[in-house]
Amino acid sequence: MPTPQETRQRGAAAVVLILGGALVIALSPYATGLVGIPVLYVALVPVYGWVARRTSAKVAAGLVVVLVLVLLLVPSAAFAGLIVNEAQQIAGTAMRSPILTRLSELKLGGVDLGSRLGDLSSKLVSWVGSSMFGLLGSASRFVLNLTISLFGFYYLLLRPRETWEAVRPYIPFSEHNTEKLRQRFGDVTTSTLIGTGLSAAVHGTLISLAFWVAGLPNAAFWGVVAMVFSILPVLGSGLVWGPGAIALLLDHRPVAAVLMVLWGAVVVGNIDYLIRPMVSQRWGHIHPLVTLVGALVGVPYFGLLGLLIGPLALSYFFELIGMYREEYLSAA
């Protein structure tokens, strides 16, 4: 039979668990913004340190927050405008293209594929139109999470030591392992951000070069699109060079189409295995499988940012398992 002290302890634990679960559920829509706070801090604290040596702490923190806004919003707005302009040009070119005429007259085994492709295109246009409302909702959530990240980032820059001292007592590891975990958090975050960004830049450059050499239009634009798509797991930039190869094939250039596939599958497709190990060796050891599985897990919960947050979370999870084994199982 439990003692009165044990009864009170169990009751207190139940209250803590219930309130903690309710808090997690309430904050889950803002998880992206909350996770973004330490990620931004790790990525930009060197910049803050450089600025803070030349001005006051509050001014330096404000300038770094403005820098984040500029780096996020200006390229995003430019990319969105570029997509709209290029989409209009591509649509106009496609309407005048003889390829479209040949596709509309395509028949295979007595089946009129041309009319079916036309129906599919109409349904696709309708789906895109109806999806615009969903995109507006996603944009609103993005703005809200970005606001949370920037406010938290600002105060974390001003009081990093106080924040860490407040969090450290709740980490269930020794002081040595807690400090090791903090250092590892910085290494893994830096490795993921630099590896992803550098890999995306190389993907875009190589795809743009291939399109330019092959004589495909809008090579620079498709290079930028490839940079964005290269973050996606499995398919990645293949969503760009694959249609490029099909366009070359429909243009009666089979040799160029085959070369495009070889360039994309062999050279571009394997560039991650060259870049990420070099980055991981410098900052953090993250297996490519962790990046893939983490991205697949992160996207349903965090959207596009899950491509970065997912691998980070999975890497931290394995780090915590290793520390638990080292501190509690090895000693037993």
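Residues numbered from 1 in each chain as written. Predicted model: local features only at pLDDT ≥ 70, side-chain atom pairs only at ≥ 80, totals over all residues. Heavy atoms only, no water.

## A closer look at the overall build of the protein
Thought 1: Secondary structure summary: the protein contains 13 helices and two strands in total.
Thought 2: The buried share of the protein, reckoned over its 332 residues, is 28%.
Thought 3: Sequence separation of at least 24 residues holds for 68% of the intrachain contacts in the protein that already meet a minimum separation of 6. (Helix = DSSP H or I, 4+ residues; strand = E, 2+ residues; numbered from the N terminus. Buried < 20%, exposed > 50% of the residue type's maximum accessible area, 1.4 Å probe, protein only. Contact = heavy atoms within 4.5 Å.)

## Description of the nonpolar core
Thought 1: Ranked by size, the top nonpolar core spans 20 residues in total, and within it Ile 207, Phe 211, Ala 214, Leu 216, Val 240, Leu 248 and Met 260 carry the most contacts.
Thought 2: Among the elements of the structure, α7 (175–214), α8 (219–229), α9 (238–250) and α10 (254–267) are those that each provide at least two residues to this core.
Thought 3: At five residues, α7 tops the list of elements feeding residues into this core.
Thought 4: For Leu 248, the contacting residues outside a window of four places in its chain are Ala 214, Leu 216, Arg 253, Ala 256, Ala 257 and Met 260.
Thought 5: In this structure, Tyr 48, Ala 61, Val 65 and Leu 146 belong to the second largest nonpolar core, which totals 13 residues. (Core = buried A, V, L, I, M, F, W, Y, C linked by side-chain atoms within 4.5 Å.)

## Side note on a nonpolar patch on the surface
Thought 1: A contiguous nonpolar patch, built from Val 255, Val 258, Leu 259, Leu 262, Val 266 and Val 267 and spanning about 530 Å² of accessible area, is present on the exposed surface.
Thought 2: Considering the arrangement of structural elements, one finds Val 255 in helix α10.
Thought 3: Overall, Val 255 belongs to the exposed group, its relative accessible area being 60%. (Patch = residues over 30% accessible without salt bridge, like charges linked within 9 Å, V, L, I, M, F, W, Y side chains within 5 Å. Areas by Shrake-Rupley, 256 points an atom, 1.4 Å probe, with all protein chains shown as cover. Salt bridge = Lys/Arg side-chain N within 4 Å of Asp/Glu carboxyl O.)

## Quick notes on the packing of aromatic side chains
Thought 1: By the definition in use, this model includes three aromatic pairs.
Thought 2: Centroid distance Phe 317 to Phe 318: 5.7 Å. Interplanar angle 55 degrees. Geometry classified as tilted.
Thought 3: Judged by relative accessible area, which is 44%, Phe 317 ranks as partly exposed.
Thought 4: Residue class for Phe 318 comes out partly exposed when judged on its relative accessible area of 45%.
Thought 5: Between the NZ or CZ atom of Arg 182 and the centre of the ring of Trp 164, over which it lies, the distance is 5.8 Å. (Phe/Tyr/Trp six-rings, centres within 6.5 Å; stacked < 30°, edge-to-face > 60°. Lys NZ or Arg CZ within 6 Å of the ring centre and 35° of its normal.)

## A word on the packing of α7 against α9
Thought 1: Orientation of α7 relative to α9, taken along the N-to-C sense of each, is 10 degrees, at an axis distance of 11 Å. Considering their axes alone, α7 and α9 lie roughly parallel with respect to each other. Here α7 contributes Ile 207, Phe 211 and Ala 214 to the contact with α9, which in turn contributes Val 240, Trp 241, Gly 244 and Leu 248. (Axes fitted to C-alpha atoms, helices over the stretch in contact; angles between N-to-C directions. Parallel < 35°, antiparallel > 145°, perpendicular 65-115°, else oblique.)

## What about the environment of Gly 36?
Thought 1: Mapped onto the elements of the fold, Gly 36 is located in helix α2 (residues 31–52).
Thought 2: Through-space distance from the C-alpha of Gly 36 to that of Gly 152 is 8.8 Å; in sequence the pair is 116 residues apart.

## Quick word on the environment of Gly 195
Thought 1: Here Gly 195 shows up in helix α7.
Thought 2: We classify Gly 195 as buried; its relative accessible area is 1%.
Thought 3: Distance in space between the C-alpha atoms of Gly 195 and Asp 272 is 8.5 Å, their sequence separation being 77 residues.

## What about the pattern of salt bridges?
Thought 1: In total, this model carries two salt bridges according to the counting rule given.
Thought 2: With its nearest N and O atoms 2.9 Å apart, the salt bridge here joins Glu 165 to Arg 168.
Thought 3: Note on Glu 165: relative accessible area 39%, which makes it partly exposed.
Thought 4: With a relative accessible area of 26%, Arg 168 lands in the partly exposed category.
Thought 5: Arg 182 is paired through a salt bridge with Glu 179; the nearest N and O atoms lie 2.3 Å apart. Pair noted here: Arg 182 and Glu 179 are both in helix α7, with a separation of three residues, about one helical turn.
Thought 6: On the accessibility criterion, Arg 182 (40% relative accessible area) is partly exposed.

## What about the side chain of Ser 208?
Thought 1: Topologically, Ser 208 is positioned in helix α7.
Thought 2: The residues touching Ser 208, leaving out its near neighbours within four places in the chain, are Ala 219, Ala 220 and Gly 223.

## With respect to α7
Each turn of an α-helix holds 3.6 residues, which means side chains three or four residues apart point in the same direction.
Thought 1: Compared with an ideal rise of 1.5 Å per residue, which puts 40 residues at 58 Å, α7 spans 58 Å between its outermost C-alpha atoms and is within 8% of the ideal.
Thought 2: Remark: Gly 215 follows α7 within two positions and exhibits a positive phi of approximately 80 degrees. (Expected span 1.5 Å × (residues − 1).)

## Comments concerning the confidence of the model for the protein
Thought 1: Residues with a pLDDT of 70 or more make up 71% of the protein, whose mean pLDDT is 74.
Thought 2: Under a pLDDT of 50 for its full length, residues 127–137 has, in the predicted model, zero contacts with residues more than four places off or in other chains. (pLDDT = per-residue confidence, 0-100.)

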